Amino acid sequence: MGDVAGGLATLLVSPEAWIALVTLIVMEVVLGVDNLVFVALLSNKLPEATRGRARRIGIGLALVLRLVLLSGIAFIVGLTKPVLVLPFPVPSLADGHTMVDPSFSWRDLILLAGGLFLVWKATSEIHHTVDPEETTDLLDKKGRAVLSFGAAIVQILALDVVFSIDSILTAVGMTEHLPIMMAAVVIAVGLMLVAAGPLARFIHDNPSVVMLALGFLLLIGATLIAEAFGVHVPKGYIYAAMAFSGLVEGLNMVSRRKRQAGKPPSDGPTLH
């Protein structure tokens, strides 16, 4: 017990430990954006009275999963060992390296499943959003709450598993101190919990942002699939592209509001 307390005291006065904590919090928040957008989109289709509870439960489950996974770091690291190899040759590039990694670990398979789920979900919702017929999907323009609370929690939990494993593997790669990892995860998930409500309300109040959010999920799904095949896509490129798209959409929203504010009030039809 004394050794544990001494170790914690050493971390508290270590500048390197504080730098690692701040860096890891930023990384966890960035990695949590994907999770947060999905929770916000999904919760908006529930009855208004249960939306907040669904967001709190979904993000709370993300915290529990992350802490449980941190407690079994040896198991998580073991998920990166190859368990499956493609039975056919993979084409090679000019430098002799294969186009994709022919071996798959459990982490790769989980990322592949999560990526395929996100691509399917985002594609189907985009299709039904542009479909003029009334549908019963997440983004039905009639605004009917057709998604059950249990179904929403199950889908949120499924994506929590994918994003949690990616988050914890990032944490393990950045520091070897478990208290720093746990503190960073708790703080980052707390920030997600605070931001979930405003983000969901913003998406709900601005329907044009919904398509942008779905495009974001589609992009993240494709990235997860690429990661599963050993093709690393720097997240900075993805978030920079999405930030630019968000900026353009923000300018469009400001422009639309100014046009609407400049319109003269309608006094009804004029009879001649």
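Above this text sits the structure in question.
Below or above, wherever it landed, is the structure these notes cover. (Residues numbered from 1 in each chain as written. Predicted model: local features only at pLDDT ≥ 70, side-chain atom pairs only at ≥ 80, totals over all residues. Heavy atoms only, no water.)

For the protein, the helix and strand inventory stands at 9 helices and 2 strands. When the helices and strands of the protein are listed from N to C terminus, the series reads α-α-α-α-β-β-α-α-α-α-α. Split into buried and exposed, the 272 residues of the protein put 38% on the buried side. Of the contacts made within the protein by residues no fewer than 6 positions apart, 78% connect residues no fewer than 24 positions apart. Of the roughly 15100 Å² that the protein leaves accessible, carbon and sulfur atoms contribute 70%. (Helix = DSSP H or I, 4+ residues; strand = E, 2+ residues; numbered from the N terminus. Buried < 20%, exposed > 50% of the residue type's maximum accessible area, 1.4 Å probe, protein only. Contact = heavy atoms within 4.5 Å. Areas by Shrake-Rupley, 256 points an atom, 1.4 Å probe, with all protein chains shown as cover.)

Here helix α7 (residues 178–205) contains 28 residues, and its C-alpha end-to-end distance of 40 Å stays within 8% of the 40 Å for a straight helix at 1.5 Å per residue. In α7, a bend of some 35° at A195 exceeds every other bend along the element, and P198, a proline, comes one to four places later. (Expected span 1.5 Å × (residues − 1). Bend = angle between axes of the 7 residues up to and from the residue.)

Turning to the nonpolar core, a few remarks are in order. By size, the foremost hydrophobic cluster in this structure holds 34 residues, and its most contacted members are L41, L118, L217, I220 and L224. When residues of this core are traced back to their parent elements, those giving at least two are α2 (15–43), α5 (106–130), α6 (149–174), α7, α8 (207–228) and α9 (235–262). The biggest single contributor to this core is α8, with 10 residues. Here L217 is in contact with D34, V37, F38, L41, L118 and A122, once residues within four sequence places are set aside. Residues I25, I168, M181 and V185 belong to the second largest nonpolar core, which totals 20 residues. (Core = buried A, V, L, I, M, F, W, Y, C linked by side-chain atoms within 4.5 Å.)

Among the surface-exposed residues, V22, V26 and V30 lie close enough to one another that they form a single nonpolar patch of about 220 Å² accessible area. Along the chain, V30 falls in helix α2. Under the relative-accessibility criterion, V30 is labelled partly exposed at 30%. (Patch = residues over 30% accessible without salt bridge, like charges linked within 9 Å, V, L, I, M, F, W, Y side chains within 5 Å. Salt bridge = Lys/Arg side-chain N within 4 Å of Asp/Glu carboxyl O.)

On to the environment of A213, then. Within the secondary structure layout, A213 lies in helix α8. Judged by its relative accessible area of 8%, A213 falls in the buried class. In sequence terms A213 and M242 are 29 residues apart; their C-alpha atoms lie 9.1 Å from each other. Look past the residues within four positions of A213 in its chain and what remains in contact with it is V37 and L41.

On to the side chain of T223, then. As for its placement among the helices and strands, T223 is situated in helix α8. By relative accessible area, T223 is classed as buried at 6%. From its side chain, T223 meets the backbone oxygen of L219 in a polar contact 2.8 Å long. Discounting chain neighbours no more than four positions away, the residues touching T223 are V233 and I238. (Polar contact = N/O pair within 3.5 Å; in protein donor to acceptor, adjacent residues only side chain to side chain.)

Here we come to helix α3 (residues 48–71). Taking 1.5 Å of rise per residue, 24 residues should cover 34 Å, and α3 covers 36 Å from first to last C-alpha, within 8% of that figure. Buried within α3 are the following residues: T50, R51, G52, A54, R55, G58, I59, A62, R66, L69 and L70.

Attention shifts here to the packing of α7 against α8. Any two packed helices are characterised by how steeply their axes cross, that is the angle between the axes, and by the distance between the axes. Two elements in contact, α7 and α8, have axes separated by 5 Å at closest approach and are oriented at 115°. Contacts from F202, I203, H204 and D205 in α7 reach P207, V209 and V210 in α8. (Axes fitted to C-alpha atoms, helices over the stretch in contact; angles between N-to-C directions.)

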